[in-house]
Amino acid sequence: MTGNEFIIRQISVFSENRPGRLAAIAHALEEERVNIFAFSIAEASGFGVVRALVDRPERAHARLTEDGFNVAFTDVIAVRMRDEPGGLYEVARLLGDAGVNIEYSYAYSGPDGAVLILRVDRPEEAIEKIRGAGKELISSATFT
Amino acid sequence: MSHWNPRFEEMPAAELDRLQYRLAKTLAYRLYAFSPFYHARMREAGVHPDDVRSLEDVRKLPFMYKGDLRDNYPDRLFTVPHEELVRYHVSSGTTGKPTVVGYTEKDIELWTESLARALTSIGLSRGDVIQVSYGYGLFTGGLGLHYGAERIGATVLPTSVGNTERQIELMQDLEATAICCTPSYLLHIGEVAERMGINLGRDTSLRTGILGAEPWSEGMRRHIQEWLGIRAYDIYGTSELSGPMFTECAEQRGIHIWRDLALIEVIDPETGEALQPGERGELAITMLQKEALPICRYRIGDLSSVMVDDCPCGRAHPRIERITGRVDDMLIIRGINVFPSQIEHVLLGLPEVGEHFQIVVDRKGTLDDMLVRVEVRKEAFSDKIADLMAIQKRVADRLKSVLNVAVRVELVEPGSLPRFEGKAKRVIDRRVL
């Protein structure tokens, strides 16, 4: 874990692939008054991983652990993209040219713009390149 | 290490041979005279008690089977009048219809005696507080150990099964030094204690676990001993023998079978032929002094082997290896014999997954399909799907190499598989044959 302000703690939750599991996670977060900014589900055979950016990751982690879930913090970065054709290309090319590998990614696009959330193999380097190119990264403080 | 009953525990092998022969011959006559069922079976086999002229001749006597007890439900195998009975126990019927066992006063006495010797051989005595977390009631575990523990002058804490948090509180408050339960229930107790912020080894007086009533492995013993900081001993018995009867001594080298109480044989489950010491097969047990429900060459369905080498404890009573499975627990998957204990053993060697598991067997077309569900440990959880799939593959590969049959593995959430307070039921067989 680094002190870099652009590294965001995402919560990742192991979930069996059966009805009701997402509801159980979401309900726990509701009860803790945890707000979800972005979220994705990755699925494999029989199980999945739910990933979310939330306003209070510690709280979410504690509650889900208490409920018996396998929960981990994962470092990700969030880049603001131009919400128009070529926005994603711009960011992806930047990282590709720098030799930074994207392990997974998800995005949201709302009234205040589009945001790409990335887990990369070398986050510090990615941050440097993105900022160097004049792109805006979202700081972890934005969420709390 | 002191002996509860030095006369029998220190008896030399040659003298035990003579004693066993005498008791076995008496049993044969008793059955011939008082058991219409066994009388008929002896006639069918063309054997008369007079034919038992040596200890080896016991092998001429016909076998008894679990089905015989069920077929003669509830009491047609009893050989004493009902007014001689002081108690009934009824088996849990995990593998079929329940069976009823009756006890005379002497039956209870010898059962208690057997356990008094066993508990003493572990090192327990007056001053110990023994928590009996086996079920009390129709099941033999609770009452059997209760009587045995009282007999040696220990203090019994009869918590029975269930209400685990209260069990842990009482264990702490009353300073229990030993616990008797199934290994899976002890794991459950350990998990609940951890959630309560209690480490059994550090925060309680518990030093000894006497575990049985379901098969468990050597790996599980190591896990329990390291995790909970106690010494874990194997106990063996079933209701037909009276109940839990025999345990390991402090050496933890197999379960001593008191030769004045029981004669143990290991046979080939297919042919019924005697196997050599060290060879694994089905146990056939003769209870030499049981009165109400005599048991002769009873094929109990448990798989083990007998060890006759000297135990450092000095007792000339043979030991059986831990039960590695039951003939009727055995799953046949695509023609290959699979025992749930093998799966437990594999999982204990894989730090990424927990020790609880569930087996689901189904038939896909004409092929058997076996699915093993395991819990991913917290420490092994990775946010990356590829890492999780690698765990899944590692478990499947290891299982395949041990079982010689391909297995599908499903990763499930920690704590989601059923925990068992009594006997674990880990197999769901959905095949319609």
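Residues numbered from 1 in each chain as written. Chains lettered and ligands numbered in written order. Predicted model: local features only at pLDDT ≥ 70, side-chain atom pairs only at ≥ 80, totals over all residues.

A. Structural context of the environment of B:Phe420. Residue and element names in this part refer to chain B. One can find Phe-420 in the loop between strand S21 (408-412) and strand S22 (427-429). When the 18 C-beta atoms within 10 Å are taken as the criterion, Phe-420 is described as partly exposed. Sequence separation between Phe-420 and His-356 is 64 residues; the distance between their C-alpha atoms is 10.0 Å. Discounting chain neighbours no more than four positions away, the residues touching Phe-420 are Ser-184, Tyr-185 and Lys-425. (Helix = DSSP H or I, 4+ residues; strand = E, 2+ residues; numbered from the N terminus. Buried ≥ 20, exposed ≤ 12 C-beta atoms within 10 Å, placed from the backbone. Contact = placed C-beta atoms within 7 Å.)

B. Summary view of the interface of chain A and chain B. Across the contact, 16 residues belong to chain A and 15 residues belong to chain B. For the side of chain A that touches chain B, the secondary-structure elements that each account for two or more residues are strand S1 (8-16), strand S3 (47-54) and strand S4 (71-81) of chain A. No other element matches S1(A), which puts 4 residues into the side of chain A that touches chain B. In the side of chain A that touches chain B, the residues fall into 7 nonpolar, 6 polar and 3 charged. (Nonpolar A, V, L, I, M, F, W, Y, C, P; charged D, E, K, R; others polar.)

C. Just the pairing of strand S4 (residues 129-132) of chain B, in detail. All names here are of chain B. In S4, alternate side chains face the same way, and those of Val-129 and Gln-131 on one face and Ile-130 and Val-132 on the other are all buried. The pairing of S4 with strand S5 (residues 155-157) spans 3 bridges and is parallel. Bridged to Ile-130 within S5 is Val-156. In this fold, S4 hands off to helix H6 (residues 140-151), which returns the chain to S5; that crossover is right-handed. Note: S4 against strand S6 (residues 178-181), 3 bridges, orientation parallel. By the bridge assignment, Ile-130 is partnered in S6 with Ala-178. (Pairing = 2+ DSSP bridges. Right-handed = clockwise from strand over helix to strand, strands pointing away.)

D. The sheet that holds strand S5 (residues 102-110) of chain A, seen in detail. All names here are of chain A. In space, the 6 strands of this open sheet follow the order S2-S3-S1-S4-S6-S5, with antiparallel pairing throughout. On the outer flanks of this sheet lie strand S2 (36-43) and S5, each paired with one strand and no other. For this sheet, the mean inter-axis angle between neighbouring strands, taken without regard to orientation, is 30°. Sheet topology places S5 next to strand S6 (residues 113-120); 8 bridges connect them, and they run antiparallel. (Axes fitted to C-alpha atoms, helices over the stretch in contact; angles between N-to-C directions.)

E. Spotlight on the sheet that holds S21(B). Residue and element names in this part refer to chain B. Across the sheet, 4 strands lie side by side as S21-S20-S19-S22; this open sheet has mixed pairing. Both edges of this open sheet fall to S21 and S22, since each of them pairs with a single strand only. Between one strand axis and the next, the sheet turns by 20° as a mean value, whatever way the strands run. In terms of strand pairing, strand S19 (residues 353-364) meets strand S20 (residues 367-376) through 9 bridges, oriented antiparallel. Across the sheet, residue Val-361 finds its bridge partner in S20, namely Met-370. Running over the sheet, helix H11 (residues 340-348) touches S19, S20 and S22 and is turned about 135° from S19.

F. Spotlight on unusual backbone geometry. All names here are of chain B. Along the chain, Tyr-73 connects to Pro-74 via a cis peptide bond; the corresponding omega equals -10°. Along the chain, the position of Pro-74 falls in the loop between helix H4 (66-71) and strand S2 (85-90). One non-glycine residue, Ser-242, adopts positive backbone phi at about 125°. Accessibility expressed as a C-beta count within 10 Å gives 27 for Ser-242, which makes it buried.

G. Local environment of the nonpolar core. Residue and element names in this part refer to chain B. Ranked by internal contacts, the top residues of the largest apolar core, which has 87 residues, are Ile-130 and Ile-285. Among the elements that line this core, the one with the most residues is helix H5 (residues 105-122), at 7 residues. Apart from residues no more than four positions distant in its own chain, Ile-285 is found in contact with Leu-241, Ala-262, Ile-264, Ile-295, Tyr-298 and Ile-300. (Core = buried A, V, L, I, M, F, W, Y, C linked by C-beta atoms within 7 Å.)

H. Quick peek at the packing of H11(B) against helix H12 (residues 385-403) of chain B. All names here are of chain B. Direction vectors running N to C along H11 and H12 enclose 135°, while the axes themselves pass 10 Å from each other. It follows from the interaxial angle that H11 and H12 lie oblique. As H11 packs across H12, the resulting crossing turns out to be right-handed. In this structure, H11 uses Gln-342, Ile-343 and Val-346 to contact H12, whose residues at the interface are Arg-398, Leu-399, Val-402 and Leu-403. Here the residues of the contact of H11 with H12 sort into 5 nonpolar, 1 polar and 1 charged. (Parallel < 35°, antiparallel > 145°, perpendicular 65-115°, else oblique. Left-handed = near helix turned anticlockwise from the far one by under 90°.)

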